[in-house]
Amino acid sequence: MMLSPLSCPLAKRHPPSVIEFNKILGSIVKMKAYPTAISLFDLMESKGITPCIFSLNILINCYCHSGRMDFSFSVLGKIIKMGYEMDTITLNTLMNGLCLNGKTREALEFHDRVRALGFLLNGVSYGTLINGLCKMGEARAAIELLQKLERLHVRPDLVMYNTIIDGLCKDGLLTEANILFSQAIAQGISPNVVTYNSLIHGFCCAGQLKEATRLLNEMVQQNINPDVYTLNVLIDALCKEGRMIEAQKIFDTMLERGPKPDVVTHNALMDGYFLIKKVSEATKLFRDMDNLTPDVNSYSIMIDGYCKNNRIDEAVTFFKEMRRNSLVPDTVSYNSLIDGLCKSGRITCVQDILDEMHQNGQALNLITYCILLDALCKAQHLDEAIALFKQIINKGIRPNMYVYNILLNGLCKGGRLKTAEDIFQHLLIHGYRLNVWTYNIMINGFGKHGLFDEATALLSKMKGNGCLPDAVTYETIIRALLNKNETEKAEKLLHEMISIGLLKRENKDSMSNIPLEVEQILG
């Protein structure tokens, strides 16, 4: 935001008073034009207008939101130098600025220093600190601060409780959140829709839909109307579990009584219908959004859903429609389409999509590389897969175990066991946390090449490294041993499976992928 010489109030013959100036400055700050406000303040001083404490507090706030805490504290020094007394607004603004800039620890230390100087702080001060702690993932520390408020003669309010309950729920500490919820009620603080939304979201994320539904019923009984967010959270959780009848029922109730469904509601239901392979229902929801406009996420869901149902041409149609509607595909949209094209064997079409991503400034992420690497490995284009893996490294992206597993699996299946073994040893030496899938890939590779001693040695090594073998691990080795008539060794491993509970004699049919010799061994 720029002020022209004619529009600037300081360009007039009689500049405004500091009170008028503060009103102008406050209006600019409400527009979040912090650099403009700072420039205007400097111009004010150059015109001989002496700022008051209110002006200086505004300036501190501007520097805080601009990430310049050093300048904020220099203004505090100016306040003291000019003979003004710091007020609660000054202190709260500085503490809020520290929290905004990820310096909550420094805010707590500042609080302690201010208290030691005899300054009294208010609920806003402690609400700011509690919010900062929760954003750091320190909800338990926020509870400790809340418990100190009584000694500081500050009464906790609903906003403080809501902030901590939300932080606890996001950290998965639902028991603590429920206890604090009960404490708030015991203190005479009535929960509102924000309180219930945090708890319902927390229980839905934990898969405890029964408890989430109980809370919904409770809030209705308390005459607290659920908002669209409340119902979207429940619909999304039901859809993720494939409980579409219940999700659709909530949606229909929203249409009849309100709150009206939004794009997020439709997106959750569309995703759910794709999950249970009901493509036509998902498409109907997409097309019947009433006065709503599908967003990028809506199209991403449609593209991904059609790709996962092997209807690639229709997915491409939605992708083109998205661009026609002036929506820029995000990385999720591109990844879904690339994955669909790769799995349908249209790898040659992918390069055009990658070029478009580059033109639109969309960087390939680790998921994109995983999709491409998997496609190249499955097509046995191993040289290209290795080159792509090197490209990932060169771009400074740290491959996770999923990437390594894709590459190891491709190399083993493509007959490059030595290369796979070298990479596997590199991972072991450099302390990577190998998972059971990694070991199973290598054990399978050794078994297919008749290297049974290496396979069984790796079984012992994975146990020593704290990675417990699963049924697939044993079945892979047993199958290879039986195929080479190594019945005695196979029998030993079968009995080991039984002893550790991976196989019960009465459930031997679960090993249908192992030859019939299992029947004779198990009896």
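Residues numbered from 1 in each chain as written. Predicted model: local features only at pLDDT ≥ 70, side-chain atom pairs only at ≥ 80, totals over all residues. Heavy atoms only, no water.

Q: Provide a residue-level description of the overall build of the protein chain, including the pertinent values.
A: Tallying secondary structure elements over the protein chain gives 29 helices and 0 strands in all. Its C-alpha atoms give the protein chain a radius of gyration of 31 Å, more than 25% over the compact-globule value 24 Å for 523 residues. Taken along its principal axes, the extent of the C-alpha atoms in the protein chain is 100 × 55 × 55 Å. Out of the 523 residues belonging to the protein chain, those deemed buried represent 46%. Of all intrachain contacts in the protein chain linking residues separated by at least 6 positions in sequence, the fraction that spans at least 24 positions is 58%. By element, 53% of the accessible surface of the protein chain is carried by carbon and sulfur atoms, the whole surface being about 27,600 Å². Taking the average place of the 55 positive charges on the side chains of the protein chain and the average place of its 56 negative ones, the gap between the two points comes to 4 Å. (Helix = DSSP H or I, 4+ residues; strand = E, 2+ residues; numbered from the N terminus. Rg over C-alpha atoms; globule rule 2.2 N^0.38 Å. Buried < 20%, exposed > 50% of the residue type's maximum accessible area, 1.4 Å probe, protein only. Contact = heavy atoms within 4.5 Å. Areas by Shrake-Rupley, 256 points an atom, 1.4 Å probe, with all protein chains shown as cover. Lys, Arg positive; Asp, Glu negative; His and termini not counted. Charge placed at Lys NZ, Arg CZ, Asp CG, Glu CD.)

Q: Account for the side chain of threonine 265, naming residues and giving values.
A: As for its position among the elements, threonine 265 is in helix α15 (residues 263-275). A polar contact of 2.8 Å, which involves the side chain of threonine 265, links it to the side chain of aspartate 262. In this structure threonine 265 touches Val228, Asn232, Ile235, Phe251 and Met254, once residues within four positions along its chain are discounted. (Polar contact = N/O pair within 3.5 Å; in protein donor to acceptor, adjacent residues only side chain to side chain.)

Q: Before we move on, could you go through helix α8 (residues 139-148) and cite the residues and values that matter?
A: Among the residues of α8, Ala139, Ala142, Ile143, Leu145 and Leu146 are the ones counted as buried. Angularly, the buried residues of α8 cover 165° about the axis, an arc narrow enough to put them on a single face. The secondary structure elements touched by the buried residues of α8 are α7 (123-135), α9 (158-170) and α10 (174-186). (Arc of directions from axis to C-beta.)

Q: Explain the confidence of the model for the protein chain residue by residue, including any values.
A: Of all residues in the protein chain, 93% have pLDDT values of 70 or greater, and the mean over the chain is 90. Across residues 1-7, confidence stays below pLDDT 50; counting only partners more than four residues off in sequence or on other chains, it has 7 contacts. Here residues 505-523 is modelled with pLDDT under 50, and outside its nearest four sequence neighbours on either side it reaches 32 contacts, counting other chains as well. (pLDDT = per-residue confidence, 0-100.)

Q: Help me get a handle on the side chain of asparagine 92, residues and values and all.
A: Along the chain, asparagine 92 turns up in helix α5 (residues 88-100). Asparagine 92 gets classed as buried once you look at its relative accessible area, which sits at 10%. Not counting residues within four places of it along the chain, the set of residues in contact with asparagine 92 comprises Leu121, Asn122, Val124 and Ser125.

Q: Describe the packing of aromatic side chains, with residues and values.
A: One pass over the structure, following the stated rule, counts 13 aromatic pairs. Between the aromatic rings of phenylalanine 73 and phenylalanine 110, the centroid separation amounts to 5.5 Å while the plane-to-plane angle is 80°, which identifies the pairing as edge-to-face. Taken together, the residues span a long stretch of sequence, with phenylalanine 73 in helix α4 (residues 69-81) and phenylalanine 110 in helix α6 (residues 104-116) at a distance of 37 residues. For phenylalanine 73, a relative accessible area of 28% translates into the label partly exposed. Owing to a relative accessible area of 6%, phenylalanine 110 belongs among the buried residues under this scheme. For the pair phenylalanine 424 and tyrosine 439, a centre-to-centre distance of 5.7 Å together with 80° between the ring planes defines the contact as edge-to-face. (Phe/Tyr/Trp six-rings, centres within 6.5 Å; stacked < 30°, edge-to-face > 60°.)

Q: I'd love a proper account of the environment of glutamate 475, names of residues and values included.
A: Mapping glutamate 475 onto the fold places it in helix α27 (residues 471-483). On the accessibility criterion, glutamate 475 (11% relative accessible area) is buried. Separated by 430 residues in the primary sequence, glutamate 475 and glutamate 45 place their C-alpha atoms 81 Å from one another.

Q: So what's going on with helix α17 (residues 296-308)? Which residues, and what values?
A: Taking 1.5 Å as the rise per residue, α17 with 13 residues should run 18 Å; its terminal C-alpha atoms sit 18 Å apart, in good agreement. When you tally the buried positions in α17, you get 10 out of 13 residues, the bulk of the element. Among the residues making up α17, those that are buried are Val296, Ser298, Tyr299, Ser300, Ile301, Met302, Ile303, Gly305, Tyr306 and Cys307. Packing partners of the buried residues in α17 comprise α15, α16 (279-287), α18 (312-324) and α19 (331-343). For α17, the N-terminal capping position is held by aspartate 295, with its side-chain oxygen 3.2 Å away from the main-chain nitrogen of asparagine 297. Just beyond α17, the residue with positive phi is asparagine 310, at close to 60°. (Expected span 1.5 Å × (residues − 1).)

Q: Describe in detail the pattern of salt bridges, supporting the description with residues and values.
A: Counting across every chain of the model gives 21 salt bridges. With its nearest N and O atoms 3.1 Å apart, the salt bridge here joins lysine 284 to aspartate 288. Where aspartate 422 meets lysine 418, a salt bridge forms, and the shortest distance between an N and an O atom there is 2.8 Å. Residue aspartate 422 and its partner lysine 418 are both found in helix α24 (residues 417-429); the two are separated by 4 residues, about one turn of the helix. By relative accessible area, which is 42% here, aspartate 422 ends up partly exposed. In this structure lysine 418 comes out as exposed when scored by relative accessible area, which is 55%. A cluster of three or more residues bridged by salt bridges with shared partners is formed by Glu211, Arg214 and Glu218. (Salt bridge = Lys/Arg side-chain N within 4 Å of Asp/Glu carboxyl O.)

Q: Hey, could you go over unusual backbone geometry for me, with residue numbers and the actual values?
A: Each neighbour pair has its own omega, and for glycine 258 with proline 259 the value is -10°, a cis peptide bond. Assignment of secondary structure puts proline 259 in the loop between α14 (244-257) and α15. Despite not being glycine, asparagine 223 shows a phi value in the positive range, around 60°. Take asparagine 223: it is sitting in the loop between α12 (209-221) and α13 (228-240). For asparagine 223, a relative accessible area of 69% translates into the label exposed. At asparagine 485, a residue that is not glycine, the phi angle is positive and equals roughly 60°. By the element assignment, asparagine 485 lies in the loop between α27 and α28 (487-499). We classify asparagine 485 as exposed; its relative accessible area is 64%.

Q: Tell me about the nonpolar core, and please be specific about residues and values.
A: Core analysis: the largest hydrophobic core is formed by 163 residues, its most contacted members being Ile200 and Ile338. Each residue touching isoleucine 338, except ones within four places of it in the same chain, is listed here: Val350, Ile353, Leu354, Met357, Thr368, Ile371 and Leu372. (Core = buried A, V, L, I, M, F, W, Y, C linked by side-chain atoms within 4.5 Å.)

Q: Break down the packing of helix α23 (residues 401-413) against helix α25 (residues 436-448) for me, citing the residues and quoting the values.
A: Where α23 meets α25, the axes come as close as 10 Å, and the angle between the chain directions of the two elements is 10°. Between α23 and α25, the crossing angle belongs to the class labelled roughly parallel. When α23 is examined against α25, the residues Met401, Tyr402, Asn405, Leu408, Asn409 and Cys412 are found in contact with a partner set consisting of Trp437, Thr438, Ile441, Met442 and Gly445. Looking at the contact of α23 with α25, its residues break down into 7 nonpolar, 4 polar and no charged. (Axes fitted to C-alpha atoms, helices over the stretch in contact; angles between N-to-C directions. Parallel < 35°, antiparallel > 145°, perpendicular 65-115°, else oblique. Nonpolar A, V, L, I, M, F, W, Y, C, P; charged D, E, K, R; others polar.)

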